[in-house]
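Understanding the architecture of this molecule
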Amino acid sequence: MRRACFLFLALAALFATPALAAEGFPTTLAGFTLGESVEHYQDYCRAEEAIPVSDAPFLSEAQLKPENLPGVRGGSLAFGNCLGDKRLVRIKLKFIDRGQGLFNRLYDRYEADFGKPDKYLGDAFKNVIAWEWIFRDGKGGRVSLVLMWSREKEVRPGVSIKMTQETYMDEEYDCYKVKNKDSMGRMGKTRIGSLDAYVPR
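Residues numbered from 1 in each chain as written. Predicted model: local features only at pLDDT ≥ 70, side-chain atom pairs only at ≥ 80, totals over all residues. Heavy atoms only, no water.

Below, the discussion takes up the pairing of strand E4 (residues 56-63). Counting buried positions along E4 gives six out of eight residues, so the element sits mostly inside the fold. Bridging between strand E3 (residues 51-53) and E4 involves three bridges; their strand directions are antiparallel. Looking at the pairing, Val 53 lines up with Ala 56 of E4. What sits between the antiparallel neighbours E3 and E4 is a turn of two residues. In the sheet, E4 pairs with strand E5 (residues 72-80) via five bridges, with the strands oriented antiparallel. When the sheet's bridge partners are listed, Ala 62 is paired in E5 with Leu 77. (Buried < 20%, exposed > 50% of the residue type's maximum accessible area, 1.4 Å probe, protein only. Helix = DSSP H or I, 4+ residues; strand = E, 2+ residues; numbered from the N terminus. Pairing = 2+ DSSP bridges.)

Given below as structure tokens:
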């Protein structure tokens, strides 16, 4: 019995995915490193034109200069604007090649490096195919990596990658809540009196 347990553990270690076996988790994509100051990437993004993210005002988003990134047609760097260090929280990349072939090649590489994804985020009809890998470092840190292909005009058509340091995002949000608790409290007190205005006519 003891020998069987040892054999099982040895096989588990042998076949463990790199994402689980490696210390920490991936933090760098296309030369951008999560947690670094966005000011390190002035040559690659329009940091001076960064604006707050509408649904996440504790983040600011700077559009990439795609001419400096081979094969990339667009994307953005999102960084925290509450704690004050402008650390990079999220990287988004969109590729010139919009074909599903590029998506499949990237997926195969991700699966080889990180194992099977943790979640499917696309739709049932495969108009949007999106897979998410979630990495944890044992210290409470968490990174999300989403690879997506879309044929929908409104959902980043083509191939895209989104990599987010979820822990940093939570910290920026907590900071924002503390600094804006009065205004957030007032917003929470509003109530809908009638649904009529929200029913299309």
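Right, picking up where we left off after that structure.
Structurally, Val 128 can be placed in strand E8 (residues 128-136). Residue classification places Val 128 among the buried residues on the basis of a relative accessible area of 10%. Separated by 29 residues in the primary sequence, Val 128 and Pro 157 have C-alpha atoms spaced 8.6 Å apart. Other than its neighbours up to four places away in sequence, Val 128 contacts Tyr 120, Gly 122, Asp 123, Met 148, Trp 149, Ser 150, Glu 152 and Val 155. (Contact = heavy atoms within 4.5 Å.)

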